[in-house]
Amino acid sequence: MAFPVGAFAGAPEHVLVGTGLLGLALGWAALAVGAAMLTDQPQRWAAVPAAALGSAGAALLVLAPGDRALTAAGWVWPPLLLALTAWTTARAVRSLRVRAPFWLLSPVLVLLLLASVGGGAATLRTAFAGGPPPMPGQLYDVGGHRLHLSCTGTGGPTVVLLGGMGETSAAWGLVQPAVAGTTRVCSYDRAGQAWSDGAPGPKDGRQVAADLHTLLSRAGEPGPYVLAGHSVGGPYAMVYATQYPDDVAGLVLLDSSSPQQFTSLPDYPGAYALIRRTTSLLPTLERLGAGPLLDSGAPPDLPHAAQAQVQAFDRSTRQLRAARDEVAAYPEVFEQAQALTGVGSTPLVVVTATAGDHQPGWPAAQDALADLSSTSSHRLVPATHASLLLDASDSVFSVAAIEDVVQAARTSSAVSEP
């Protein structure tokens, strides 16, 4: 009984689950029809799980429920699936006279049992987790949905922090307070992240840039800004610089992805395909109760408030769905970032983490980022990709890079070398 998630990896959650249920239904239907046609032991009872699972799968594909509806359904489908599994197991034990055929069905029955128990546990865990933690900053309407923005410190130019894949404003919990001692600094959450509302439509770089531009305007945060992007936050910052060049006083690229990621890094297309499949499955795995098995916990060096935010949001199905949608748009994001071929003498610091494994082509891609400005500084630091934000010792490299670009923008001078 195939579970055809592989063929549809990268699809929305309702498509993955719906096709999976249809695959299971097809298997039970094959048992009922095959036993009636090929043996003297008809298994008519198998039509019941076939009809139940097939109806549920078809309903998901037709209705295309969103996260809120799927979460509410968590109170209904686990007990129904548990009852169906118990009934099916009892009928299979009674009807299959040979032990071998029953044991062939056992893995499927165990899968259904684990799904029902895990789904019920996930629903209860979500219900008793309480509300979201206290929100720093405010929500601002950017045109049909609200985004969360938190700004601290005084002075200019204002620094705007752009996180990478799955990184919320909490990921800047070490960097933002340190930079706030030098200038004003803002972190925010893209659509669907943390406190920010979800939004329909594309999640490409231009839409992210438009949302951010409107957010800063509605919040009364004047530019030009120093944009600091970590990982994929780098290409987001580059697209913003392309769309709103007069709003950019400086750039900081922290172990940033390259706009030429798909061509300059020969192994990246395969890695991206795996990432897209994984991020597509994560919301469903979380809904089936596998979240605690996938959760690595909040980074211990983050402040307690930021840790609480990570624990509250990072494994939520809503946030996982937002990450899936963003990952699906990466090819467009990188292509749009390629439009930034240079920023003249705008201050730029590229920070490249040297610890850990790197794909072939990564050093050259980082060098190319530094070539965007005639007054850039390229710094190789003994840190990992994640520790540039999440480690108390290594995050000082990020803080220093941001502060140096701020100082260069203030004085209209070249970036000082560390």
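Residues numbered from 1 in each chain as written. Predicted model: local features only at pLDDT ≥ 70, side-chain atom pairs only at ≥ 80, totals over all residues. Heavy atoms only, no water.

Brief notes about the pairing of strand β6 (residues 248-254)
Part 1 of the argument: The element β6 is extensively covered by neighbouring structure, given that seven of its seven residues are classed as buried.
Part 2 of the argument: Bridge count between strand β5 (residues 225-230) and β6: six bridges; the pairing is parallel. The partner of G229 across the bridge, within β6, is L253.
Part 3 of the argument: As paired elements, β6 and strand β7 (residues 348-353) share four bridges and run parallel to each other. When the sheet's bridge partners are listed, L253 is paired in β7 with V350. (Buried < 20%, exposed > 50% of the residue type's maximum accessible area, 1.4 Å probe, protein only. Helix = DSSP H or I, 4+ residues; strand = E, 2+ residues; numbered from the N terminus. Pairing = 2+ DSSP bridges.)

Things to note about the side chain of Q309
Part 1 of the argument: Along the polypeptide, Q309 turns up in helix α12 (residues 304-313).
Part 2 of the argument: Every residue in contact with Q309, bar those within four places of it in the chain, is listed here: P133, P134, P136, A170, W195 and D314. (Contact = heavy atoms within 4.5 Å.)

Section: the environment of D325
Part 1 of the argument: Along the polypeptide, D325 turns up in helix α13 (residues 317-328).
Part 2 of the argument: Put simply, D325 and K203 are 122 residues apart on the chain and 6.7 Å apart in space, counted from C-alpha to C-alpha.
Part 3 of the argument: A polar side-chain atom of D325 sits 2.9 Å from a polar atom in the side chain of R324. (Polar contact = N/O pair within 3.5 Å; in protein donor to acceptor, adjacent residues only side chain to side chain.)

Comments concerning the state of the cysteines
Part 1 of the argument: Tallied over the full model, the rule gives one disulfide.
Part 2 of the argument: A disulfide bridge connects C151 with C186, and the sulfur atoms are separated by 2.0 Å. Negative torsions about the S-S bond denote left-handed disulfides, and the value of about 110° found for C151 with C186 makes this one right-handed. Of the two residues, C151 is situated in strand β2 (residues 146-152) and C186 in strand β4 (residues 185-189); the sequence distance between them amounts to 35 residues. (Disulfide = S-S within 2.5 Å.)

A look at unusual backbone geometry
Part 1 of the argument: A cis amide bond links G156 to the next residue, P157, at an omega of -5°.
Part 2 of the argument: Inspection of the secondary structure assignment puts P157 in the loop between β2 and β3 (158-162).
Part 3 of the argument: Residue G223 is joined to P224 through a cis peptide bond whose omega torsion reads 0°.
Part 4 of the argument: Structurally, the position occupied by P224 is in the loop between α7 (205-218) and β5.
Part 5 of the argument: We note that D255 has phi near 45°; this positive angle belongs to a residue other than glycine.
Part 6 of the argument: Position of D255 among the secondary structure elements: in the loop between β6 and α9 (261-264).

Observations concerning the environment of A400
Part 1 of the argument: You can see A400 is positioned in helix α17 (residues 395-411).
Part 2 of the argument: Spatially, the C-alpha atom of A400 lies 8.2 Å from that of P418, the residues being 18 residues apart in sequence.

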